[in-house]
Amino acid sequence: MNFTNTTIGLASDHTGVELKESIKIILTQRGLKFKDFGSFSAERCDYTDFAHPLARAIEHNELEMGIALCGTGNGMAITLNKYPHVRGGLAWNEEIARLVSAHNKANILIIPARFVKQEDIFGMVQAYLDTPFEGGQHQIRINAITTL
């Protein structure tokens, strides 16, 4: 993917703050810009407070893609996927992160922070960012998802 003018949105609750900081380092090393919607501390908070601003930014074409984290990833997934132009894909390893890009054209990678090790985050982020959408039968499915 061409990231020339892409800013990647980041959002997490308290359980994802540490991994999100690692993701910021990965993005910075790649020369990519990011916008962090929070949380900014490990103090207990609600994932919805950060999911909604990220989803609205995607919805309003302010951002093309994002990465979101919460304990299981499910809270973020449920909240983010309420928005019509968001396709959030839940991934807990590198192969699933690759597939949410290749098969689902996910514009937000959702990571279950309690179930992903620090040493796995680099490969997951790289796989998500570097894998192109395969189209074909997968595009037919994307069309079916967006047609109500």
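As the structure is a computational prediction, the values presented were derived from the model and not from experiment. (Residues numbered from 1 in each chain as written. Predicted model: local features only at pLDDT ≥ 70, side-chain atom pairs only at ≥ 80, totals over all residues. Heavy atoms only, no water.)

Caption draft 1: Structural view of the packing of helix α4 (residues 94-102) against helix α5 (residues 121-130). It is the contact of α4 with α5, at a shortest axis distance of 7 Å, that shows an interaxial angle of 15°. Classified by the angle their axes make, α4 and α5 are roughly parallel. Judged by the sense of rotation from one axis to the other, the crossing of α4 with α5 is right-handed. Residues E94, A97, R98, V100 and S101 of α4 touch α5, and the partners they reach there are G123, M124, A127 and Y128. For the contact of α4 with α5, the per-class residue count stands at 5 nonpolar, 2 polar and 2 charged. (Axes fitted to C-alpha atoms, helices over the stretch in contact; angles between N-to-C directions. Helix = DSSP H or I, 4+ residues; strand = E, 2+ residues; numbered from the N terminus. Parallel < 35°, antiparallel > 145°, perpendicular 65-115°, else oblique. Left-handed = near helix turned anticlockwise from the far one by under 90°. Contact = heavy atoms within 4.5 Å. Nonpolar A, V, L, I, M, F, W, Y, C, P; charged D, E, K, R; others polar.)

Caption draft 2: Looking closely at the packing of aromatic side chains. Overall, the coordinates contain 0 aromatic pairs when judged by the stated rule. Cation over ring: K20 sits above F40, and NZ or CZ is 5.1 Å from the ring centre. (Phe/Tyr/Trp six-rings, centres within 6.5 Å; stacked < 30°, edge-to-face > 60°. Lys NZ or Arg CZ within 6 Å of the ring centre and 35° of its normal.)

Caption draft 3: Structural detail: α4. Buried residues of α4: A97, V100, S101 and A102, and no others. The opening residue of α4, the one whose side-chain oxygen lies 3.1 Å from the backbone nitrogen of E95, is N93. (Buried < 20%, exposed > 50% of the residue type's maximum accessible area, 1.4 Å probe, protein only. Polar contact = N/O pair within 3.5 Å; in protein donor to acceptor, adjacent residues only side chain to side chain.)

Caption draft 4: Up close: unusual backbone geometry. Residue G38 is joined to S39 through a cis peptide bond whose omega torsion reads 0°. Topologically, S39 is positioned in the loop between β2 (33-36) and α2 (48-59). One non-glycine residue, N61, lies in positive phi territory at about 60°. Tracing the backbone shows N61 in the loop between α2 and β3 (65-70).

Caption draft 5: Up close: the sheet that holds β2. Strand order in this open sheet of 5 strands is β2-β1-β3-β5-β4, and the pairing throughout is parallel. One side of each edge strand has no neighbouring strand; the edge strands of this open sheet are β2 and β4 (88-90). Recorded for the sheet is a direction-independent mean angle of 25° between the axes of neighbouring strands. Inspection of the sheet shows strand β1 (residues 7-12) paired to β2 by 4 bridges, in the parallel sense. Considered in β2, the bridge of T7 is made with K33. Helix α1 (residues 17-29) rests against β1, β2, β3 and β5 (108-112) of the sheet, and its axis sits at about 170° to β1. (Pairing = 2+ DSSP bridges.)

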